[in-house]
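If you want the building blocks of each chain, they are given just below.
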Amino acid sequence: MTADSLDQSAARGTSHTLSGGSSNNTILDSPPFHPEKESRSHPSRPSSRHSHLTTTSSDSSNGDPLSPLEHALGRTTSIPQTDAIYQQDADNNNNHLTHTRTGRTSITSAASRPPDYEVTISTDDPEHPMNWPFWYRTYTIITVSYSTWVVVLYSTSYTATLPKIMDEFDVTSKPIATLGLTTYLLGLAAGSVIVAPMSELYGRRPVYLVCLAAFIVLIIPCGLADSLSEMVIVRFFGALFGSAMISNSPGTVVDISSDKYLALCMSLWSIAPLNGPVTGPLIGGFVNDYLGWRWGNWLAIILSGIAFVLTFFVRESYLPTLIKQKAARRRKETGDENWWCKYDQRSVSTWGLLKLNLSRPFVLAVTEPILWCFNIWISVIYGILYLCFIAYPIIFTQHRGWSPSLTGLSFLGIGLGTLLSIFLEPLWRKMINSSPKRDPLNPSRPAPEATALIMCVGAVLTPIGQLVFSWTSLPASIHPSISLLFGSVPFGMGNTLSFIYGSNYLAGAYGIYAASALAGNAVMRSVFGAALPLAGPAMYKAMSPQWAGTFLGGLEVMLVPIPFLFYKWGERIRGKSRVIRLMREERDREEKTAERRRKRAARRAARGGRDVAEEEGEEEKTEVEEGKGRGREMGV
């Protein structure tokens, strides 16, 4: 499976989970992403004042075990990821923010932006992506899911063509030939922190189209390659652009899905991407046998071309981008430069954004003990999963004499396990909701440690499947269905549960910093996924498939205690995290700010909007003063 496809609802304005003593303490994001209703009677002269108070919205599916992950996924490229920079810039510039423009308007300070002229898109506005026609939202989910599947499929279809590639380029070393898979995974890792943030600057649709076009173009040199080195290098850059689909498409699903159906939509979306690695060798094997290895690339171009055409008809769904476009249209239509939106303000440069996205995931990975455990655990099982794409051909092609196309069928066991884990989501949800681990501040909702219960199930199933497969796949006298049904299926289930709910736990624990925590995890596991297959051929030759598989299963057994550790003592461990402690303090500050804004709105309503400007200015100054230095602390 591709773990990257589920990493990273900026456009939704949903509350985020903050932990330490609780998984569900909410915080107002900076800038807030909460849709606000616009009140006006004339396009250029608003008839009534309205409060631009922003509040968090509660998730209607309080017991939804996927919601923290869904929110974090949508925030892979979200403004809250740069909250620290906003605040630090405010501090460094003596509280004078600089701004970008979404038109000809010139906005110099918060005080010069009339609240009557603020442009928003409310949740009941026809322009809001959640209010698109049902058929079009379905089309959008299918399109981004399919496009992500193509990118993932191309990563592993390469393994089915290795024998013919080695023959044509006179490569005798299997690890050298495997470098095409290694560089592709490294490209996905690099793209998750380099290309993905571009959607924050330009919206999702332009990033999709540009990156898909580049991905298609970069497949051509692979199909025409005259040497293995050419393929190895080009596949890295192709994956770098293809990673945009993996990183951003979950955010699109979150953009257009209501709270009630968010978990269902995410589950349906994930079916294709999570089965991409499995269908890659399956499809690639038949293409390699009947058309040749180069046709594996031409087929990828055809599938990617279809994805590009389908994506071309997908509208922009990133709410901050839509609101900025609406503000620019309003200024152009009315000729009034006073129209503005809260996303006009951006005090972080493109380079600053990239620098933050490149540095923070690694800083968190090095300084947070929680991430030490999760990064090692998930990376090992992810690396072993990708090692299977080298090990299965050794077992079924070399030892059982299957053709590459038939060997591709052997991956169906892992795919079946993945599907079972997804379709059993109602059962996992029931287990989480009935867990005694509750949120101290909201006992009606489960704590992140409830999610760890499903992690425990996955952590146990993974080594069981690995060990059973190791000792039933050979000798050839044992029917292959035994190893596939009782080995590959639980192995696939364990991997899927470990990844999805492990990522869910991190999302719940790190709240607005979940995107950074998950990005660091994605990079580390991609490195493991890229490195372990290189050692596969030599290890399976030296140790035999049975003992090599036993060794890998032993590694997974050693890591089983990690989810159990967090299930029992997770709340205490989270309470010792420096970042989570700072998030608690941030939450308290935001609650105080929200309370002042509520009182301000009440005074405005009581006085009919008169004689409050001076008081508001003083209160806004107090809010800025309280935020000084916060960015430096939260910047980790």
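None of these values were measured; they are calculated from a predicted model.

Is there a simple way to explain the overall build of the protein chain in this structure?
In terms of helices and strands, the protein chain carries 25 helices and two strands. Counting across all 636 residues of the protein chain, residues that qualify as buried make up 62%.

Looking at this structure, how should I read the side chain of serine 473?
With respect to the helices and strands, the residue serine 473 is situated in the loop between α19 (448-472) and α20 (480-510). Residue serine 473 is classed as buried on the basis of its relative accessible area, which comes to 1%. For serine 473, the residues in contact, after removing those within four places along its chain, are Ile395, Arg400 and Ser483.

Quick question: what am I supposed to make of the side chain of glutamine 546 here?
Summarising the element assignment, glutamine 546 is placed in helix α21 (residues 514-559). If near-sequence neighbours (up to four positions away) are discounted, glutamine 546 is found in contact with Ser470, Trp471, Leu474 and Pro475.

Can you help me understand helix α8 (residues 204-223) in this one?
Working note: α-helix, 3.6 residues per turn, so residues spaced by three or four point in the same direction. With 20 residues, α8 should cover 28 Å at 1.5 Å per step; its first-to-last C-alpha distance of 29 Å lies within 8% of that length. Regarding α8, the residues found buried are Arg204, Val207, Tyr208, Leu209, Cys211, Leu212, Ala214, Phe215, Ile216, Ile219, Cys222 and Gly223.

Could you clarify how one ought to interpret the packing of aromatic side chains in this entry?
How two aromatic rings sit relative to each other is given by the distance of their centres and the angle of their planes. For the coordinates displayed, the defined rule picks out 24 aromatic pairs. Pairwise contacts between aromatic rings join Tyr382, Tyr386, Phe389, Tyr392, Phe396, Trp402, Phe411 and Phe469 into one cluster. Across from the ring centre of tyrosine 154, 4.9 Å away, lies the NZ or CZ of arginine 235, which sits over that ring. The ring of tyrosine 567 is capped by lysine 437, whose NZ or CZ atom sits 5.2 Å from the centre of that ring.

How do you make sense of the environment of isoleucine 573 when you look at a structure like this?
Positionally, isoleucine 573 belongs in helix α22 (residues 561-575). On the accessibility criterion, isoleucine 573 (25% relative accessible area) is partly exposed. Other than its neighbours up to four places away in sequence, isoleucine 573 contacts Ile370, Leu565 and Phe566.

Which parts of the structure should I look at to understand unusual backbone geometry?
For residues that are not glycine, phi is negative in most cases, and the peptide bond is trans in most cases. Note that the residue after leucine 474, namely proline 475, is joined by a cis bond; omega there is 0°. Looking at where proline 475 falls in the secondary structure, it is placed in the loop between α19 and α20. The backbone phi angle of aspartate 170 is positive, close to 55°, even though this residue is not glycine. Considering the arrangement of structural elements, one finds aspartate 170 in the loop between α4 (162-168) and α5 (174-177). Residue aspartate 170 is classed as exposed on the basis of its relative accessible area, which comes to 68%. The backbone phi angle of serine 544 is positive, close to 80°, even though this residue is not glycine. Among the structural elements, serine 544 can be located in helix α21.

What am I meant to see in the nonpolar core here?
Of all hydrophobic cores here, the largest spans 103 residues; its most connected members are Phe374, Trp377, Ile414, Tyr501, Tyr510 and Tyr540. It is helix α15 (residues 369-399) that provides the largest number of residues to this core, a total of 20 residues. Of all hydrophobic cores here, the second largest spans eleven residues; its members include Val119, Ile121, Ala327 and Trp339.

What should I look at first to understand the pairing of strand β2 (residues 442-446) in this one?
The two faces of the sheet receive side chains in turn, since in a regular strand these alternate between them. Bridge count for strand β1 (residues 438-439) against β2 is two bridges, and the pairing is antiparallel. Each bridged residue has a counterpart across the sheet, and for arginine 438 the counterpart in β2 is proline 446.

In this structure, what is going on with the packing of α19 against α22? I would like to understand it.
Relative placement of two packed helices is described by the angle separating their axes and the distance separating the axes. Taken N-terminus to C-terminus, the directions of α19 and α22 make an angle of 155°; their axes are 7 Å apart at the nearest point. The orientation of α19 relative to α22 falls into the category roughly antiparallel. Like other packed secondary-structure pairs, α19 and α22 cross with a definite hand, here right-handed. Where α19 abuts α22, its residues Pro448, Glu449, Ala452, Leu453, Met455, Cys456, Ala459 and Val460 lie against Pro563, Phe564, Phe566, Tyr567, Gly570, Glu571 and Arg574.

Honestly, a nonpolar patch on the surface in this entry has me stumped. Any pointers?
A grouping of Phe286, Tyr290, Leu291, Trp295, Ile302, Ile306, Leu406, Leu409 and Leu412 is seen on the molecular surface, where their side chains present a nonpolar patch of about 860 Å² in accessible area. At the level of elements, α11 (276-290), α12 (294-312) and α16 (404-409) are the ones that each hand at least two residues to the nonpolar patch. For the nonpolar patch, the leading source of residues is α12, giving three residues. Isoleucine 306 sits in the partly exposed class, given a relative accessible area of 40%.

For this particular structure, what's the right way to read α22?
Across its 15 residues, α22 extends 20 Å between first and last C-alpha, which sits within 8% of the 21 Å expected from 1.5 Å per residue. Where α22 bends most, the angle comes to about 85°, and this point is tryptophan 569. Within α22, the full set of buried residues consists of Ile562, Pro563, Phe566, Gly570 and Arg574.

Would you explain the packing of helix α17 (residues 412-423) against α20 in this entry?
Where α17 meets α20, the axes come as close as 7 Å, and the angle between the chain directions of the two elements is 50°. On the basis of the axis angle, α17 is oblique to α20. The way α17 lies across α20 gives a crossing that is right-handed. Listed contacts from α20 to Gly413, Ile414, Leu416, Gly417, Thr418, Leu420 and Ser421 of α17 are Leu484, Ser488, Val489, Phe491, Gly492, Met493, Thr496 and Leu497.

Can you help me understand the pattern of salt bridges in this one?
If the charged atoms of two oppositely charged side chains come close together, the side chains can form a pair. A full pass over the atoms with the stated rule returns seven salt bridges. In this structure, lysine 326 and aspartate 125 form a salt bridge, with 3.4 Å as the shortest nitrogen-oxygen distance. Of the two residues, lysine 326 is situated in helix α13 (residues 319-334) and aspartate 125 in the loop between α2 (83-92) and α3 (134-160); the sequence distance between them amounts to 201 residues. Since its relative accessible area comes to 4%, lysine 326 is described here as buried.

How should the confidence of the model for the protein chain be read in this particular structure?
Interpretation of the predicted coordinates at a detailed level should be avoided for regions scoring low in pLDDT. Overall, the prediction assigns the protein chain a mean pLDDT of 79, with 77% of residues at 70 or greater. Summarising per-element confidence for the protein chain, the mean pLDDT is lowest in α2 (39) and highest in α12 (97). Confidence over residues 8-111 falls short of pLDDT 50; this stretch has 347 contacts with residues more than four positions distant or in other chains.

Would you mind going over the environment of valine 579 with me for this structure?
Its location among the elements puts valine 579 in helix α23 (residues 578-606). According to the relative accessible area criterion, valine 579 is buried, its value standing at 2%. Between the C-alpha atoms of valine 579 and threonine 367, which are 212 residues apart in sequence, the distance is 9.4 Å.

For this particular structure, what's the right way to read the environment of isoleucine 381?
Note on placement: isoleucine 381 falls in helix α15. A relative accessible area of 4% means that isoleucine 381 is categorised as buried. Counting along the chain gives 117 residues from isoleucine 381 to serine 498, while the straight-line C-alpha distance between them is 8.5 Å. Beyond its immediate chain neighbours, meaning those up to four positions away, isoleucine 381 contacts Thr462, Asn495, Ser498 and Glu556.

Conventions we followed
- Sequence order as written defines the numbering, with residues in each chain counted from 1.
- Reporting in this predicted model follows two pLDDT cut-offs: at least 70 for local features of residues, and 80 or more for side-chain atom pairs to be given and counted; totals over whole chains, interfaces and linings ignore these cut-offs and use all residues.
- Water and hydrogen atoms were dropped before computing side-chain values, which therefore reflect all heavy atoms in the structure.
- Secondary structure is summarised from DSSP: a helix means a run of H or I of at least four residues, a strand means a run of E of at least two, and numbering begins at the N terminus for each.
- To sort residues, take the accessible area from a 1.4 Å probe on protein chains only and compare it with the maximum for the residue type: under 20% means buried, over 50% means exposed, and anything in between is partly exposed.
- Residue contacts are defined here by distance: any two heavy atoms, one from each residue, within 4.5 Å place the two residues in contact.
- A helix's residues, less one, multiplied by 1.5 Å, set its expected span.
- Any two rings among Phe, Tyr and Trp, with Trp reduced to its six-membered ring, count as a pair given centres within 6.5 Å; such a pair is stacked if its planes are under 30 degrees apart, edge-to-face if over 60, and tilted if neither.
- By definition here, charges over rings are those cases where NZ of Lys or CZ of Arg is within 6 Å of the ring centre and within 35 degrees of the ring normal.
- Within this scheme, the nonpolar core is defined by two criteria: the residues are buried Ala, Val, Leu, Ile, Met, Phe, Trp, Tyr or Cys, and they are joined through side-chain atoms within 4.5 Å.
- At least two bridges found by DSSP between two strands is the condition for calling them paired.
- Axis geometry follows a simple rule: fit a line to the C-alpha atoms, using only the stretch in contact for helices, then measure angles between N-to-C directions, giving values from 0 to 180 degrees.
- Roughly parallel means an angle under 35 degrees; roughly antiparallel means over 145; roughly perpendicular covers 65 to 115; every other angle is labelled oblique.
- Take the far helix as your reference; a near helix turned counterclockwise from it by less than a right angle gives a left-handed crossing, and one turned clockwise gives a right-handed crossing.
- Think of a patch as exposed residues, more than 30% relative accessible area, with no salt bridge, where like charges cluster within 9 Å and nonpolar side chains (Val, Leu, Ile, Met, Phe, Trp, Tyr) cluster within 5 Å.
- Method for areas: the Shrake-Rupley scheme with a 1.4 Å probe, in which residue coverage is limited to the protein chains shown.
- Throughout this description, the term salt bridge denotes a Lys or Arg side-chain nitrogen within 4 Å of a carboxyl oxygen of Asp or Glu.
- Working definition for bend: take the seven residues up to and ending at a residue and the seven starting at it, fit an axis to each, and measure the angle between the axes.
- For every residue, the predictor assigns a confidence score, pLDDT, that lies between 0 and 100.

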